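Letter by letter, the chains look like this.
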Amino acid sequence: MIYVSSACIKKNRIDTVICQMAESGIRNIELSGGTDYYDGIEHDLREWKERYQLKYACHAYFPPPKEPFVVNLASCNDEIYRRSLEHYDNCIDLLQRIGCSVLSIHAGFLIEIEKSDLGGRVNCKVIYDEGEAYSRFCYAYERLSKRCRERNIKLYLENNVLSHENYIAFEQQNYFMMTDYQSILYMKEKLDFDLLLDLGHLYVSSNTLGLTYEKQCEYLKPHVRWIHVSENNGIRDEHKPLQEESVILKELYKIYTEKLNVTLETVGEISDILKSLKFVKGGESEENIVWTAGN
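The residue numbers shown here count from 1 along each chain, following its written sequence. For a predicted model such as this one, the threshold for reporting local features is a pLDDT of at least 70, and the threshold for listing and counting side-chain atom pairs is 80 or more; totals across whole chains, interfaces and linings nevertheless cover every residue. Based on all heavy atoms of the structure, the side-chain values leave hydrogens and waters out of the count.

**Student:** Could you clarify how one ought to interpret the nonpolar core in this entry?
**Tutor:** Across soluble globular proteins, nonpolar side chains have a tendency to be buried as a group. Within this scheme, the nonpolar core is defined by two criteria: the residues are buried Ala, Val, Leu, Ile, Met, Phe, Trp, Tyr or Cys, and they are joined through side-chain atoms within 4.5 Å. Relative accessibility under 20% of the residue-type maximum defines a buried residue, over 50% an exposed one, and the middle range a partly exposed one, all with a 1.4 Å probe and only protein chains included. Ranked by internal contacts, the top residues of the largest apolar core, which has 93 residues, are L45, Y56, L103 and L199. With nine residues, helix α3 (residues 78-98) is the largest single contributor of residues to this core. Filtering out sequence-adjacent residues up to four positions away, Y56 remains in contact with Y3, I18, I29, L31, L45, W48, K49, I98 and C100. Counting residues in each nonpolar core, the second largest holds six residues, with V102, Y156, L196 and W226 among its members. Runs of E in the DSSP output that reach at least two residues are strands. Runs of H or I that reach at least four are helices, and both are numbered from the N terminus. By definition in these notes, contact holds between two residues if any of their heavy atoms fall within 4.5 Å.

**Student:** How do you make sense of the packing of aromatic side chains when you look at a structure like this?
**Tutor:** In this description, an aromatic ring pair is defined by two values, namely the gap between the centres and the angle between the planes. Pairing of aromatic rings covers Phe, Tyr and Trp, the last through its six-membered ring, and needs centres within 6.5 Å; plane angles under 30 degrees mean stacked, over 60 mean edge-to-face, and all others mean tilted. Evaluated as defined, the whole model comprises ten aromatic pairs. Plain terms: the ring middles of F137 and Y141 are 6.4 Å apart, the flat faces sit at 25° to each other, and that makes the pair stacked. With a gap of four residues between them, F137 and Y141 both fall in helix α4 (residues 130-150), about one helical turn apart. Summarising the burial analysis for this pair, F137 and Y141 share the class buried. Site record: aromatic cluster; members linked through ring pairs are F109, F170, Y175 and F176. A ring is considered to have a charge above it if a Lys NZ or an Arg CZ atom is located within 6 Å of its centre and within 35 degrees of its normal. One Lys or Arg, R83, reaches over the ring of F69 and ends 4.0 Å from the middle of that ring. The ring of F193 carries the charged tip of K188 above its face, separated from the ring centre by 4.4 Å.

**Student:** Help me understand the environment of L144, please; the structure alone is not making it clear to me.
**Tutor:** On the secondary structure map, L144 appears in helix α4. On a C-alpha basis, the gap between L144 and R46 in space is 24 Å, while along the polypeptide they are 98 residues apart. Among all residues touching L144, those that are not within four sequence positions of it are L73, Y88, D89, I92, I105 and L155.

**Student:** Is there a simple way to explain the sheet that holds strand β6 (residues 194-198) in this structure?
**Tutor:** Around the barrel, which closes on itself, the eight strands sit in the order β1-β2-β3-β4-β5-β6-β7-β8 with parallel pairing between neighbours. Each neighbouring strand pair of the sheet contributes to a mean axis angle of 30°, computed without reference to strand direction. Direction of pairing for β6 relative to strand β7 (residues 224-229): parallel, over a ladder of four bridges. Among the inter-strand pairings, L196 is bridged to a residue of β7, identified as W226. In this description, a line fitted to the C-alpha atoms serves as the axis of each element, helices being fitted only across the stretch in contact, and the angle between N-to-C directions of two axes falls anywhere from 0 to 180 degrees. The strands touched by helix α1 (residues 14-22) within the sheet are β1 (2-5), β2 (28-31) and β3 (55-59), with β2 carrying the most contacts at an inclination of about 160°. Against the sheet, α4 makes contact with β4 (102-106), β5 (154-158) and β6, and its axis sits at roughly 155° relative to β5, the strand it touches most. When DSSP finds two or more bridges between a pair of strands, those strands are recorded as paired.

**Student:** What is the right way to read the environment of K278 from this model?
**Tutor:** Here K278 lies in helix α10 (residues 270-280). Separated by 172 residues in sequence, K278 and H106 place their C-alpha atoms 27 Å apart.

**Student:** I tried to follow the packing of helix α2 (residues 41-52) against α3 on my own but got confused; where do I start?
**Tutor:** Between two packed helices, the angle of one axis relative to the other and the distance separating the axes together describe the packing. Between α2 and α3, the shortest axis-to-axis distance is 10 Å and the interhelical angle comes to 35°. Viewed along their axes, α2 and α3 form a crossing whose handedness is right-handed. Contacts between α2 and α3 involve E42, L45, R46 and K49 from the first element and L94, R97 and I98 from the second. Residue classes follow a fixed rule: Ala, Val, Leu, Ile, Met, Phe, Trp, Tyr, Cys and Pro count as nonpolar, while Asp, Glu, Lys and Arg count as charged, and any other residue, Gly among them, counts as polar. The residue inventory of the contact of α2 with α3, partitioned by class, reads three nonpolar, no polar and four charged. Left-handed describes a crossing in which the near helix is turned anticlockwise from the far one by less than a right angle; the clockwise case is right-handed.

**Student:** Is there a simple way to think about unusual backbone geometry in this case?
**Tutor:** The general pattern is negative phi for most residues beyond glycine and trans for most peptide bonds. In this chain, F62 is followed by P63 through a cis amide linkage whose omega measures -5°. Mapped onto the fold, P63 is located in the loop between β3 and α3. One non-glycine residue, M178, adopts positive backbone phi at about 55°. Along the chain, the position of M178 falls in the loop between α5 (164-169) and α6 (181-190). M178 gets classed as buried once you look at its relative accessible area, which sits at 0%.

**Student:** What am I meant to see in the confidence of the model for the protein here?
**Tutor:** On average, the protein scores 92 in pLDDT, and the residues at 70 or more come to 92%. pLDDT: the predictor's confidence for each residue, scored from 0 to 100. Contacts for the low-pLDDT stretch residues 283-295, under 50 throughout, to residues beyond four places or in other chains number 28 contacts.

**Student:** Is there a simple way to think about the packing of α3 against α4 in this case?
**Tutor:** At a minimum axis distance of 10 Å, the contact between α3 and α4 shows a crossing angle of 15°. Put simply, α3 runs roughly parallel to α4. Once α3 is placed against α4, the crossing between them reads as right-handed. The segment α3 lies against α4, with D78, Y81, L85, Y88, D89, I92 and D93 engaging R136, Y139, A140, R143, L144, R147 and C148. Should an angle fall under 35 degrees it is called roughly parallel, over 145 degrees roughly antiparallel, and 65 to 115 degrees roughly perpendicular, with every other angle called oblique.

Okay, here's the thing in structure tokens:
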């Protein structure tokens, strides 16, 4: 099944995004970050779902909190940690109420990240104790996993992205959990989780760490349970539309099976999204894609 991330369309309100996608024939929508909080979000999600028979998945920073912050389940800052747990508690309760059975979250960070740092260079002012950060993350994940199981929600854990810019700023230290095969395996030794592999993240991280992208994909293939895909230049996570014969698209085709779900995370116009969907589906006509994107 193929989903399209709500973050593909840059709007302030989630209802505007869902409306545009639904009226373009997209039926599977992954609710993600990038929109603002407003009263009535739950009502709108229900209304659009019923009107167009939509199927939702949920990812990371949704629903948008009233006061924006960077969610980090590995934080050693008690206030950030508390707010991060509370965010996902509220998220899981919302998903149960709107009939959404999928939630994916990000691996943690070993540093304190400000909202202004997202998408660019991270100002590394506070570095956490690695042992405590992993301990906090594992406790948080297991807590959320239990809540999800009780509500019949499937939980996935996504790999982080380490850009060259941040690696240099960190003085060639990696303060992000789960950026490559070895660090994902390290987490596997601590937690039982289903891996959401972001191929764009892995491409950037592999280049940053001097690893062979194709080999990293090959090693991780047996562990993949969901895929995120978008294009980038291998230097930073750009979320560009998919390109024919690109390295990332080639690896998608190697990993993808009908048992795996894929979320498209390419930012652009609806025409760009539909073109990228065509690539994900392996060359079907755009006319078919519009009406089979939710199948």
